[in-house]
Amino acid sequence: MVAAQLTAFYLVRDLDWKWVVFWAYVFGSCISHSMTLAIHEISHNSAFGNGRAMWNRWFGIFANLPLGLPYSISFKRYHMDHHRYLGGDGIDVDIPTNFEGWFFCTRFRKFIWIVLQPFFYAIRPLCINPKPITRLEIINLLAQLSFDIVIYYLWGAKSIFYMLAGSLLGLGLHPISGHFIAEHYMFLKGHETYSYYGPLNLLTFNVGYHNEHHDFPNIPGKSLPLVKKIAAEYYDNLPQYNSWIKVLYDFVMDDTISPYSRMKRQLKGEVKQD
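Parameters and conventions
- Residues numbered from 1 in each chain as written.
- Predicted model: local features only at pLDDT ≥ 70, side-chain atom pairs only at ≥ 80, totals over all residues.
- Heavy atoms only, no water.
- Helix = DSSP H or I, 4+ residues; strand = E, 2+ residues; numbered from the N terminus.
- Rg over C-alpha atoms; globule rule 2.2 N^0.38 Å.
- Buried < 20%, exposed > 50% of the residue type's maximum accessible area, 1.4 Å probe, protein only.
- Contact = heavy atoms within 4.5 Å.
- Lys, Arg positive; Asp, Glu negative; His and termini not counted.
- Charge placed at Lys NZ, Arg CZ, Asp CG, Glu CD.
- Core = buried A, V, L, I, M, F, W, Y, C linked by side-chain atoms within 4.5 Å.
- UniProt positions renumbered as here; feature names shortened; annotations may be inferred.
- Salt bridge = Lys/Arg side-chain N within 4 Å of Asp/Glu carboxyl O.
- Expected span 1.5 Å × (residues − 1).
- Patch = residues over 30% accessible without salt bridge, like charges linked within 9 Å, V, L, I, M, F, W, Y side chains within 5 Å.
- Areas by Shrake-Rupley, 256 points an atom, 1.4 Å probe, with all protein chains shown as cover.

Novice: If you had to explain the overall build of the protein to someone new, which residues and values would you point to?
Specialist: Helix and strand content of the protein: 14 helices and 2 strands. Over its C-alpha trace the protein gives a radius of gyration of 19 Å, about what one expects of a compact globule, namely 19 Å for 274 residues. The principal-axis extents of the C-alpha atoms in the protein amount to approximately 55 × 45 × 40 Å. Counting every position in the protein, which comprises 274 residues, the buried fraction comes to 50%. Sequence separation of 24 or more characterises 74% of the internal contacts of the protein that already satisfy a separation of 6 or more. Between the centroid of the 24 positive side chains of the protein and the centroid of its 21 negative side chains there is a distance of 2 Å.

Right, here's the structure in full:
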């Protein structure tokens with residue numbers, strides 16, 4: 001996918017702007033969102049195993065390059081908290097802020113919230129659970145800035161625009177982005193995690209197998225269908241989705257669902273964060 005995006009950066013360099021925007025949404029957005037889920041896999045050390053944790057960090061920085069914005073190292077730190085303390089108030093930054101729940105409560109505003117999801121995922125950690133910057137995050141930033149400068153020097157502004165627009169569009173109003181809402185929003189009371197078994201799993205490292213993933217976070221995405229097959233009696237009868245597009249539609253149109261439709265927990269005892 002990194003090679004595919006490098007090829008695309010080269011090919012869009014002389015296109016009309018309308019075609020740059022078109023290809024950024026139709027092609028670049030799919031690759032970019034898929035790359036974020038590759039980074040998700042790498043954050044669980046699925047590339048080189050737990051015995052070579054630093055190899056995974058460097059590979060994550062490499063996988064980050066076509067996205068245009070530094071993401072990999074910070075994501076890993078916060079994502080481990082999401083698994084350890086799912087729904088933990090002030091810890092799990094996957095939980096929308098009180099402002100998001102209060103303001104984005106109408107159909108139109110929920111639609112805008114979906115469009116702006118990349119923005120809220122970027123600023124939410126700074127509001128809910130800010131952490132000191134680490135050396136690896138600085139390296140991630142410098143590597144990304146260097147890559148972006150090289151792309152601009154070689155192929156110009158259109159390639160940079162394609163890269164950044166693809167990332168923002170792919171994480172906003174896009175069919176694959178349905179997984180953000182499908183995973184943990186409580187469309188049914190008593191069920192806070194849902195799996196999706198549709199065809200977009202082929203592009204997303206099986207992130208749709210989300211109950212399976214939370215039960216066994218160290219099993220790579222490619223093996224999660226086997227988990228479901230082995231333990232079918234535990235998963236087959238749980239509420240599940242077959243369309244992320246329908247999830248997005250239902251989220252906007254169902255007046256009982258909003259960013260508040262998440263399980264939030266008050267944590268007790270010692271909390272250990274990355």
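Novice: Please provide a residue-by-residue account of the nonpolar core, values included.
Specialist: Formed by 19 residues in total, the largest nonpolar core has its most connected members in Trp-113, Ile-114, Ile-181, Tyr-241, Trp-244 and Phe-251. Those elements giving two or more residues to this core turn out to be helix H6 (107–115), helix H10 (178–184) and helix H14 (244–253). Looking at which element gives the most residues to this core, the answer is H14, with 5 residues.

Novice: An account of the environment of Pro-96 is requested, with residue identities and associated values reported.
Specialist: Mapped onto the elements, Pro-96 comes out in the loop between helix H4 (72–84) and helix H5 (98–103). Residue classification places Pro-96 among the buried residues on the basis of a relative accessible area of 6%. Counting along the chain gives 32 residues from Pro-96 to Ile-128, while the straight-line C-alpha distance between them is 9.2 Å. Those residues in contact with Pro-96 that lie beyond four places of it in its chain are Trp-113, Arg-124, Tyr-185, Pro-259 and Arg-262.

Novice: If you had to explain the environment of Cys-127 to someone new, which residues and values would you point to?
Specialist: Mapped onto the elements, Cys-127 comes out in helix H7 (residues 117–128). Residues Cys-127 and Thr-97 lie 30 residues apart in sequence; the distance between their C-alpha atoms is 8.1 Å.

Novice: For the UniProt feature "transmembrane region" (unreviewed entry) in the protein, give the residues involved together with the corresponding values.
Specialist: The UniProt feature table records "transmembrane region" (unreviewed entry) at residues 20–42, 54–73, 108–126, 138–155 and 161–182. Helix makes up 65% of residues 54–73 and strand 0%, with an end-to-end C-alpha separation of 11 Å. Across residues 138–155, the secondary structure splits into 100% helix and 0% strand, with the terminal C-alpha atoms separated by 26 Å.

Novice: So what's going on with the side chain of Lys-110? Residues and values would help.
Specialist: Among the structural elements, Lys-110 can be located in helix H6. Notably, Lys-110 is buried but unbridged: the nearest opposite-charge side chain belongs to Asp-255, and the N-O separation is 4.9 Å. Among residues more than four places away in sequence, those in contact with Lys-110 are Phe-104, Cys-105, Phe-251, Val-252, Asp-254, Asp-255, Ile-257 and Ser-258.

Novice: Residues and numbers for H4, please.
Specialist: With 13 residues, H4 ought to run about 18 Å at 1.5 Å a step, and its terminal C-alpha atoms sit 19 Å apart, in line with that. Among the 13 residues in H4, 11 count as buried, and that is most of the element. Of the positions making up H4, those classed as buried are Ser-72, Ile-73, Phe-75, Lys-76, Arg-77, Tyr-78, His-79, Met-80, Asp-81, His-82 and His-83.

Novice: Any chance you could break down a nonpolar patch on the surface for me, citing the residues and the numbers?
Specialist: A contiguous nonpolar surface patch, about 610 Å² in accessible area, is contributed by Trp-19, Phe-22, Trp-23, Tyr-25, Val-26, Phe-27 and Leu-169. Tracing the backbone through its elements, the reader meets Val-26 in helix H2 (residues 17–43).

Novice: Tell me what's going on with the UniProt feature "domain: Fatty acid desaturase" (unreviewed entry) in the protein, and back it up with residues and numbers.
Specialist: This chain's UniProt record puts "domain: Fatty acid desaturase" (unreviewed entry) on residues 18–240. From the first C-alpha to the last, residues 18–240 spans 38 Å; its make-up is 61% helix and 1% strand.

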